[in-house]
Amino acid sequence: RGEVIQTILEVMGIPTAIKIASPFSDVPDSHAYAKAITTAYAFGLVSGDSAPDGKALNVFRPNDPINRAEVSKIIALVKEVMRK
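Keep in mind that this is a model prediction, so the values were computed, not measured. (Residues numbered from 1 in each chain as written. Predicted model: local features only at pLDDT ≥ 70, side-chain atom pairs only at ≥ 80, totals over all residues. Heavy atoms only, no water.)

### Regarding the side chain of T39
Within the secondary structure layout, T39 lies in helix α2 (residues 34–42). Residue T39 is classed as buried on the basis of its relative accessible area, which comes to 1%. Apart from residues no more than four positions distant in its own chain, T39 is found in contact with L9, I14, P15, T16 and I18. (Helix = DSSP H or I, 4+ residues; strand = E, 2+ residues; numbered from the N terminus. Buried < 20%, exposed > 50% of the residue type's maximum accessible area, 1.4 Å probe, protein only. Contact = heavy atoms within 4.5 Å.)

Structural data, given as structure tokens:
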């Protein structure tokens, strides 16, 4: 998921040098795609959810696979952001 976010932002020319802490409990600032994920969050392209075990809140699951529907939604939101 993190790598896909990074790729989408790169293709769209959106810089990932945002200077805010990750809002997700499972995306430490040291994660390879933390800046891309945090940038996508700041632009409203992604949001968190609960962990499958229900114990952790606001997780992103950066190393999990991403499905086509999620990618489609992100691309639609990117296009919306780019129009502004």
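### Let's talk about the environment of V81
Within the secondary structure, V81 is located in helix α3 (residues 68–83). Taking the C-alpha atoms as reference points, V81 and A17, separated by 64 residues in sequence, lie 17 Å from one another.

### Section: the nonpolar core
I5, V46 and F60 are the most contacted members of the largest nonpolar core, which has 15 residues in total. Elements that contribute at least two residues to this core include exactly α1 (2–12), α2 and α3. Per-element accounting of this core gives the leading share, four residues, to α2. Sequence-distant contacts of V46, that is, excluding residues within four places in its chain, are made with I5, F24, I37, A40, Y41, F60 and I74. (Core = buried A, V, L, I, M, F, W, Y, C linked by side-chain atoms within 4.5 Å.)

### Notes on α3
Think of an α-helix as 3.6 residues a turn; residues three or four steps apart then line up on the same face. With 16 residues, α3 should reach 22 Å at 1.5 Å per residue; the first-to-last C-alpha distance of 23 Å fits that figure. The opening residue of α3, the one whose side-chain oxygen lies 3.1 Å from the backbone nitrogen of A69, is N67. (Expected span 1.5 Å × (residues − 1). Polar contact = N/O pair within 3.5 Å; in protein donor to acceptor, adjacent residues only side chain to side chain.)

### Quick look at the packing of aromatic side chains
Scanning all chains against the criterion turns up two aromatic pairs. Ring geometry for F24 versus Y41: centroids 5.3 Å apart, planes at 80°, classification edge-to-face. Of the two residues, F24 sits in the loop between α1 and α2 while Y41 sits in helix α2, which places them 17 residues apart along the sequence. Among the residues examined, Y41 registers a relative accessible area of 35% and is labelled partly exposed. Seen in terms of ring centroids, F24 and F60 are 5.3 Å apart; in terms of plane orientation they differ by 40°. Their pairing is tilted. Of this pair, F24 sits in the loop between α1 and α2 while F60 is found in the loop between α2 and α3, placing the two residues 36 residues apart along the sequence. For the pair F24 and F60, a shared accessibility class is recorded, and that class is buried. Through pairs of rings, three or more aromatic residues link up here, namely F24, Y41 and F60. For R1, the ring lying beneath its charged end belongs to F60, and the centroid distance is 4.7 Å. (Phe/Tyr/Trp six-rings, centres within 6.5 Å; stacked < 30°, edge-to-face > 60°. Lys NZ or Arg CZ within 6 Å of the ring centre and 35° of its normal.)

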